[in-house]
Amino acid sequence: GSRYTVQKGDTLYSIAWRAGLNWKTLASLNGLGPPYRIQPGQVLRLRATPSKARASSSPAQSSPKSTASRSKVRSAGASPMPTPPPLKGPLRWAWPVSGRVERPFSESGAALNKGVDIQGAPGSLVRAAAPGVVVYAGAGLRGYSALIIVKHDDTWLSAYAHNAESLVKEGAPVAAGAGLARLSRGAQGQRLHFELRRDGKPIDPQSVLPKGGA
């Protein structure tokens, strides 16, 4: 649809991920600026309209109502999302877990897969593929159980899904290779689903990860 009602546990980044949008586009559509606070029940636009485009051309003005709203969000436990530290040079990607690529990236058809599925050893540590900050850690996105999203810069996000145990919380800065989660130790569910998004669009992780496999 063209609108989305914020649910408990959502972040701007998880909503943008679900909708296939660049998080900056979603923020702009809704007149949101740093620290990008949202609250349950808030209705967000997912598509531009002519009237919205005109409204967004003027800077938003503070008002007593908006100030009260911000206070309400703050009292509910929301906090500003930190930004990743400035990068020195281009991102250097690393495989998030050791294992075999069981299902590769596919852009269409019955084999559609917006990332890669990596079969790892039971209990394997899932690591950050590059430095950044955790902008979502939860199980609120259908099809992405126990999902962690890391923002690397204004262009790149990475996601790690189907984890058995999360080791980080939203807002935590992470270094390249830092532990994010663990895979299941059971006979099933030892597969990590890993995605990369550039400006909101899925790309094949194997196009930027080191050659030779996980």
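Since the model is a prediction, treat every value here as computed from it, not as a measurement.

How each quantity is defined
The residue numbering used here restarts from 1 in each chain and proceeds along that chain's sequence as written. Confidence filtering applies because this is a predicted model: local features only for residues at pLDDT of at least 70, side-chain atom pairs given and counted only at 80 or more, and all residues used for totals across whole chains, interfaces and linings. Only hydrogens and water are set aside; all other atoms, that is, all heavy atoms of the structure, feed into the side-chain values. Under the DSSP-based scheme used, a helix requires at least four consecutive residues in state H or I and a strand at least two consecutive residues in state E, with every element numbered from the N terminus. Remark: exposure states derive from per-residue accessible area (1.4 Å probe, protein chains only) relative to the maximum for the residue type, with buried under 20%, exposed over 50%, and partly exposed in between. Throughout, a residue-residue contact means that at least one pair of heavy atoms, one from each residue, lies within 4.5 Å. Computed with the Shrake-Rupley method and a 1.4 Å probe, the accessible areas treat only the protein chains shown as cover for residues. Here, a salt bridge means any Lys or Arg side-chain nitrogen found within 4 Å of an Asp or Glu carboxyl oxygen. We call two strands paired when DSSP finds no fewer than two bridges between them. For this analysis, a polar contact is any N or O atom pair within 3.5 Å, provided that within protein one partner can donate a hydrogen and the other can accept it, and provided that sequence-adjacent residues contribute only side-chain to side-chain pairs. The term nonpolar core refers to a set of buried residues drawn from Ala, Val, Leu, Ile, Met, Phe, Trp, Tyr and Cys, joined through side-chain atoms within 4.5 Å. Whether two aromatic rings pair depends on their centres lying within 6.5 Å, for rings of Phe, Tyr and Trp, where Trp uses its six-membered ring; planes under 30 degrees apart make the pair stacked, over 60 edge-to-face, and the rest tilted. To sit over a ring, a charge needs its Lys NZ or Arg CZ within 6 Å of the ring centre and within 35 degrees of the ring normal.

A. Fine view of the overall build of the protein. On a plain count of helices and strands, the protein comes out with four helices and 13 strands. In the protein, which comprises 214 residues, the proportion classed as buried is 38%. Relative to all contacts within the protein whose residues are 6 or more apart in sequence, the contacts with residues 24 or more apart total 63%. Of the roughly 11400 Å² of accessible surface on the protein, 52% is carried by carbon and sulfur atoms.

B. Focus on the pattern of salt bridges. Per the stated rule, a full pass over the model turns up six salt bridges. One salt bridge in this structure joins Arg 18 and Asp 10, with 4.0 Å as the shortest N-O distance. Residue class for Asp 10 comes out buried when judged on its relative accessible area of 13%. Here the residues in one salt-bridge network are Arg 100, Glu 102 and Arg 191, joined through shared partners.

C. View of the sheet that holds strand 5 (residues 125-127). Ordered by their spatial adjacency, three strands build an open sheet running 5-11-9, and the pairing between neighbours is antiparallel. Bordering the open sheet on either side are strand 5 and strand 9 (165-166), each of which pairs with just one other strand. When strand 5 meets strand 11 (residues 179-182), the two strands line up antiparallel, connected through three bridges. Bridge pairing in strand 11 places Val 126 opposite Ala 181.

D. Representation of helix 1 (residues 12-19) in the model. Buried residues dominate helix 1, accounting for six of its eight residues. Of the residues flanking the end of helix 1, it is Gly 20, one or two places downstream, whose phi is positive at about 70 degrees.

E. Main features of the side chain of His 152. With respect to the secondary-structure elements, His 152 resides in the loop between strand 7 (147-151) and strand 8 (156-161). What makes His 152 buried here is its relative accessible area of 1%. A distance of 2.8 Å separates the side chain of His 152 from the backbone oxygen of Pro 131, its partner in a polar contact.

F. A look at the pairing of strand 8. Within strand 8, six of the six residues are buried, leaving the element largely enclosed by the surrounding structure. The alternating pattern of strand 8 places Trp 156, Ser 158 and Tyr 160 on one face and Leu 157, Ala 159 and Ala 161 on the opposite face, and all of these are buried. Relative to strand 8, strand 7 runs antiparallel, the two sharing four bridges. Residue pairing for strand 8: Ile 149 is matched across the bridge by Ala 159. Taking the residues that link successive antiparallel strands as the turn, the strand 7-strand 8 hairpin has four residues.

G. Highlighting the nonpolar core. Membership of the largest hydrophobic core comes to 26 residues, with the highest contact counts inside it found for Trp 93, Ile 148, Tyr 160, Leu 180 and Phe 194. Going through the elements one at a time, strand 4 (116-120), strand 7, strand 8, strand 11 and strand 12 (191-198) are the ones with two or more residues in this core. The element contributing the most residues to this core is strand 12, with three residues. What Phe 194 contacts, discounting residues up to four positions off in sequence, is Pro 96, Gly 115, Val 116, Ala 129, Ser 158, Ala 159, Tyr 160, Pro 205 and Leu 209.

H. Just the packing of aromatic side chains, in detail. Tallied over the entire structure, the rule returns four aromatic pairs. Here the aromatic cluster, defined as three or more aromatic residues joined through ring pairs, consists of Tyr 13, Trp 23 and Tyr 36. The side chain of Arg 197 reaches across the aromatic face of Trp 17, ending 4.0 Å from its centre.

I. Representation of the environment of Gly 120. In this fold, Gly 120 is placed in strand 4. A C-alpha to C-alpha distance of 9.0 Å links Gly 120 and Val 101, two positions 19 residues apart in sequence.

J. How the structure looks around the environment of Pro 173. With respect to the helices and strands, the residue Pro 173 is situated in strand 10 (residues 173-174). Judged by its relative accessible area of 66%, Pro 173 is exposed. Sequence separation between Pro 173 and Val 135 is 38 residues, and the spatial gap between their C-alpha atoms is 9.3 Å. Excluding anything up to four places from it in sequence, Pro 173 contacts Gly 132 and Val 133.

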